[in-house]
Amino acid sequence: MSRHLLILIVAMLLSACDMLGLGPDPRIAQKEADAKAIGAACRNGLRNIEDCYTLNKGVNKAAIYAGWLEMDAYMRENKLEGQRTEMAQPAATPVEEVIEEPQPKANAKSADR
């Protein structure tokens, strides 16, 4: 009887493995959703997919493409036009001017010694 009870308890514990944190990492799903949003924003901004890849290096290209395609289908279905985006030019950093102080001249008296 105890053997059957032990097997039943072990089976119940193993069936609840999601509670142990062995499920999929939610950060992976979040990164994929972010990449799809980037792709959709690129399509809405009338940016081609290659430019989108270039501007977002290190982001999952397949998810960017999926988001781009979804937005493309949505825009075609609803006859929407994209909005041309302009990239803001980075503010010009002021150039530091280096001012060198003149070296003090040695006294003629100390130079003779």
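Computed from a prediction, not measured in an experiment: that's the story for all the values here.

Turning our eyes to something else, we now look at the overall build of the protein. Helix and strand content of the protein: 5 helices and 0 strands. Walking the protein from its N terminus toward its C terminus, one meets helices and strands in the order α-α-α-α-α. Counting the 113 residues in the protein, one finds 12% classified as buried. Across the protein, the fraction of contacts at a sequence separation of at least 24, relative to all contacts at a separation of at least 6, is 63%. For the protein, the computed accessible surface area is about 10500 Å², with 58% contributed by carbon and sulfur atoms.

To continue, consider the nonpolar core. One recurring pattern in soluble globular proteins is that nonpolar side chains are buried together. Formed by A35, C42, I49, C52, A63, I64 and W68, the largest nonpolar core amounts to 7 residues. Every element with two or more residues in this core is listed here: helix 2 (26-44), helix 3 (49-55) and helix 4 (61-77). Among the elements that make up this core, the one with the highest residue count is helix 4 (3 residues). Residue contacts for I49: discarding those within four places in its chain leaves I64, Y65 and W68.

Another point: the pattern of salt bridges. Across all of its chains, the model carries 3 salt bridges by this definition. Among the ionic pairs, K36 bridges to E70, the shortest N-O distance being 2.9 Å. Residue K36 is found in helix 2, and its partner E70 is found in helix 4; the two are separated by 34 residues along the sequence. Across the pair R43 and D72 runs a salt bridge, and its minimum N-O distance is 2.8 Å. Residue R43 is found in helix 2, and its partner D72 is found in helix 4; the two are separated by 29 residues along the sequence. For the pair R43 and D72, one class covers both residues: buried. Salt bridges sharing partners connect three or more residues here, namely R43, D72 and R76.

This part covers helix 4. In this model helix 4 runs 24 Å from its N-terminal to its C-terminal C-alpha over 17 residues, within 8% of the 24 Å that 1.5 Å per residue would give. Among the residues of helix 4, those classed as buried are A63, I64, G67, W68, D72 and M75. In this fold, the buried residues of helix 4 make contact with helix 2 and helix 3. Trailing helix 4 by a residue or two, K79 shows a phi angle of about 50°, which is positive.

Next up on the list: the packing of aromatic side chains. Inspection of every chain in the model, using the stated rule, returns 0 aromatic pairs. Positioned over the ring face of W68 is R43, at 5.7 Å from the centre of the ring. The lysine or arginine in question, K61, covers the ring of Y53, its NZ or CZ lying 5.3 Å from the ring centre.

Calculation rules
- Residues numbered from 1 in each chain as written.
- Predicted model: local features only at pLDDT ≥ 70, side-chain atom pairs only at ≥ 80, totals over all residues.
- Heavy atoms only, no water.
- Helix = DSSP H or I, 4+ residues; strand = E, 2+ residues; numbered from the N terminus.
- Buried < 20%, exposed > 50% of the residue type's maximum accessible area, 1.4 Å probe, protein only.
- Contact = heavy atoms within 4.5 Å.
- Areas by Shrake-Rupley, 256 points an atom, 1.4 Å probe, with all protein chains shown as cover.
- Core = buried A, V, L, I, M, F, W, Y, C linked by side-chain atoms within 4.5 Å.
- Salt bridge = Lys/Arg side-chain N within 4 Å of Asp/Glu carboxyl O.
- Expected span 1.5 Å × (residues − 1).
- Phe/Tyr/Trp six-rings, centres within 6.5 Å; stacked < 30°, edge-to-face > 60°.
- Lys NZ or Arg CZ within 6 Å of the ring centre and 35° of its normal.

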